[in-house]
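Residues per chain, in single letters:
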Amino acid sequence: MARWCAAAGWPVHPLAPRQKTPAANCQACRDNRHNPADCPCIASGRWCHGFHAATTSPERIDSWWWAQPRFGVGVSCGPANLVVIDVDAHHAEVPDRSRLLPGIPIGPQVTLTGLATGFDTLALLAAVRRQPSPAEDEGTLRVRTPSGGLHIWYRNPNPEIRYRSSTGSSPRVALAWQVDIRSDAGYIVAPSTRTTAGTYTRVGEARRPASLPAWLASELARTGHVPPARTPDPAPAVPAARMPRRRAPKAASRILEPLLDQVAACAAVPEGAGFTEKLNRAAFTAGGLAQGGHLTESEARTLLLETANRARPHQERRNVVIIESALSAGAQRPFHPKGRS
């Protein structure tokens, strides 16, 4: 399957045997946190850092799966130009109707009896827009997940427009409740991959993604999945007696590293370690440092996610919610550490 995906132009990376999470980094990468873009392991052909190492090289793919034939297959959605709708069917308390479809009010005249999963909220969104539900789209690749959810694969028809990944339980950015988006800075499990929970199984006859429907592209833009274009800020007037503030990546690292170490230490304590509070503090600080220009938001998010998912690997979605919320809050208060590098 890895070779088949690569032949389709979708960069792949190994997943841990029988798991849906990326294969573990090497010991050096586990011991020393760093920006994946600067990691020599990737350039030397190792699989460290998950989707950051994804490739379409047949030689590299063969070497990875020869080393560990039980690896699963992950597809890096951004470089593959994919937008995947991840519909969940988790048993969870249904939120207030105001949170089912972000930005779309659902009046009391609409009966919500029986609504229980992302299949229902996606169908509700489609009905509001007078469109068929993507879950029933037989013209595109659909993959049933072991938990009963569904991955609906689409091709981004306009590569100049990028879509950010999100989690459907986030109150800030979501397409619908229990409906995730996997695109830039995200990966998806390839069909036929087997995990301890079951196999990711193709549904229907379609084997390739269809073009993202225009109405869904509009919904993704409306719900904040299209990052705003970055424009340089006008240079502020600087008094002659003052020097402009410069980036301080080393000082930022000295501040963030101890907070990440506290999060990582929670791995040894399954409960009662204050994990949420520690992760929130680290992400809030990272958001301020990123807004201050001392590291990029992508770097911050990668460090936080890798640390959190190692400490609490069974609550990835909750980790994303905590990190995104705290990063956003921290960005409201730019942080400039003392010290330059």
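Cut-offs used in this document
Residues numbered from 1 in each chain as written. Predicted model: local features only at pLDDT ≥ 70, side-chain atom pairs only at ≥ 80, totals over all residues. Heavy atoms only, no water. Axes fitted to C-alpha atoms, helices over the stretch in contact; angles between N-to-C directions. Helix = DSSP H or I, 4+ residues; strand = E, 2+ residues; numbered from the N terminus. Parallel < 35°, antiparallel > 145°, perpendicular 65-115°, else oblique. Left-handed = near helix turned anticlockwise from the far one by under 90°. Contact = heavy atoms within 4.5 Å. Nonpolar A, V, L, I, M, F, W, Y, C, P; charged D, E, K, R; others polar. Salt bridge = Lys/Arg side-chain N within 4 Å of Asp/Glu carboxyl O. Buried < 20%, exposed > 50% of the residue type's maximum accessible area, 1.4 Å probe, protein only. Phe/Tyr/Trp six-rings, centres within 6.5 Å; stacked < 30°, edge-to-face > 60°. pLDDT = per-residue confidence, 0-100. Core = buried A, V, L, I, M, F, W, Y, C linked by side-chain atoms within 4.5 Å. Pairing = 2+ DSSP bridges. Arc of directions from axis to C-beta.

S.K.: Explain the packing of helix α8 (residues 275-291) against helix α10 (residues 316-331) to me, please; I cannot follow it from the model alone.
M.R.: A pair of packed helices is characterised by two quantities: the angle between their axes and the separation of those axes. As a packed pair, α8 and α10 sit with axes 7 Å apart at the nearest point and diverge in direction by 40 degrees. Our classification of the angle between α8 and α10 gives oblique. As α8 runs across α10, the sense of the crossing is right-handed. Contacts between α8 and α10 involve Phe275, Thr276, Leu279, Asn280, Ala283, Phe284, Ala286, Gly287, Gly288 and Gln291 from the first element and Arg318, Asn319, Ile322, Ile323, Ala326, Leu327, Ala329, Gly330 and Ala331 from the second. Grouping the amino acids of the contact of α8 with α10 by side-chain chemistry returns 11 nonpolar, 7 polar and 1 charged.

S.K.: I keep staring at the pattern of salt bridges and nothing clicks. Help me out?
M.R.: Side chains that differ in charge, positive against negative, can pair when their charged atoms come close. Applying the stated criterion to the full structure yields 7 salt bridges. A salt bridge links arginine 3 to aspartate 62; the shortest N-O distance between them is 3.0 Å. Of the two residues, arginine 3 sits in helix α1 (residues 2-7) while aspartate 62 sits in helix α4 (residues 58-67), which places them 59 residues apart along the sequence. Classification of arginine 3 as partly exposed rests on a relative accessible area of 44%. A salt bridge links glutamate 297 to arginine 301; its shortest N-O distance comes to 2.6 Å.

S.K.: Would you take a moment to explain the packing of aromatic side chains for this structure?
M.R.: How two aromatic rings sit relative to each other is set out by the distance from centre to centre and by the angle between their planes. Across all of its chains, the model carries 5 aromatic pairs by this definition. Aromatic side chains tryptophan 4 and tryptophan 10 sit 5.6 Å apart centroid to centroid with 75 degrees between the ring planes, which places their arrangement in the edge-to-face category. Under the relative-accessibility criterion, tryptophan 4 is labelled partly exposed at 32%. For the pair tryptophan 10 and tryptophan 153, a centre-to-centre distance of 5.3 Å together with 45 degrees between the ring planes defines the contact as tilted. Linking tryptophan 10 in the loop between α1 and β1 (12-15) with tryptophan 153 in strand β5 (residues 150-155), this pair joins segments that are 143 residues apart in sequence. By relative accessible area, which is 5% here, tryptophan 10 ends up buried. Here the aromatic cluster, defined as three or more aromatic residues joined through ring pairs, consists of Trp47, Trp64, Trp65 and Phe71.

S.K.: Explain the confidence of the model for the chain here, please?
M.R.: Reading fine detail from the predicted coordinates is not recommended where pLDDT is low. Put simply, the chain has an average pLDDT of 87, and 91% of its residues get 70 or more. Overall, residues 240-245 carries pLDDT values under 50, and its contacts beyond four positions in sequence, including any with other chains, amount to 3 contacts.

S.K.: What is the right way to read the nonpolar core from this model?
M.R.: Burial of nonpolar side chains together is a common tendency in soluble globular proteins. Counting residues in hydrophobic clusters, the biggest one holds 27 residues, and the most contacted among them are Trp10, Val12, Trp65, Val75, Leu82 and Trp153. If we ignore the near neighbours within four places in the chain, the residues touching tryptophan 65 are Ala2, Val12, His13, Pro14, Phe71, Gly72 and Val73. Formed by 26 residues, the second largest nonpolar core is a distinct cluster that contains Ala126, Ile152, Val179 and Ile181.

S.K.: Looking at this structure, I do not really get the packing of helix α9 (residues 297-311) against α10. What am I missing?
M.R.: Interaxial distance between α9 and α10 falls to 10 Å at its minimum, and their mutual angle equals 145 degrees. Two packed elements cross with a definite hand, and for α9 against α10 that hand is right-handed. The segment α9 lies against α10, with Ala300, Arg301, Leu304, Leu305, Ala308 and Asn309 engaging Glu316, Asn319, Val320, Ile323, Glu324 and Leu327. When the residues that make up the contact of α9 with α10 are grouped by side-chain class, the tally is 7 nonpolar, 2 polar and 3 charged.

S.K.: Hey, could you run me through the sheet that holds strand β7 (residues 187-189) in this one?
M.R.: Either a parallel or an antiparallel arrangement is found when strands of a sheet pair, and the pairing is made through backbone hydrogen bonds. An order of β1-β2-β7 is seen for the 3 strands of this open sheet, with the pairing classed as antiparallel. Where the open sheet ends on each side, the last strands, each with one partner, are β1 and β7. Averaged over all neighbouring strand pairs, the angle between strand axes comes to 35 degrees, with direction disregarded. Summarising the sheet, strand β2 (residues 72-76) and β7 pair through 3 bridges and their orientation is antiparallel. Residue pairing in the sheet places valine 75 in a bridge with isoleucine 188 of β7. The strands touched by α4 within the sheet are β1 and β2, with β1 carrying the most contacts at an inclination of about 5 degrees.

S.K.: Please explain unusual backbone geometry as it appears in this structure.
M.R.: Most of the time, phi is negative for any residue but glycine, and the peptide bond is trans. The phi torsion at arginine 18 lies on the positive side, around 65 degrees, for a residue other than glycine. When its relative accessible area of 35% is taken as the criterion, arginine 18 is described as partly exposed. In this model, serine 192 sits at a positive phi of 80 degrees, which is unusual for a non-glycine residue. Structurally, the position occupied by serine 192 is in the loop between β7 and β8 (194-195).

S.K.: Looking at this model, I keep getting lost on α4. Mind explaining?
M.R.: Structural remark: α-helix, 3.6 residues per turn; residues separated by three or four positions point the same way. Inspection of α4 places Ile61, Trp64 and Trp65 among the buried residues, and these make up the whole buried set. Angularly, the buried residues of α4 cover 85 degrees about the axis, an arc narrow enough to put them on a single face. Within α4, the exposed residues directed more than 90 degrees away from the buried face are Glu59 and Trp66. Contacts from the buried residues of α4 go to α1, β1 and β2.

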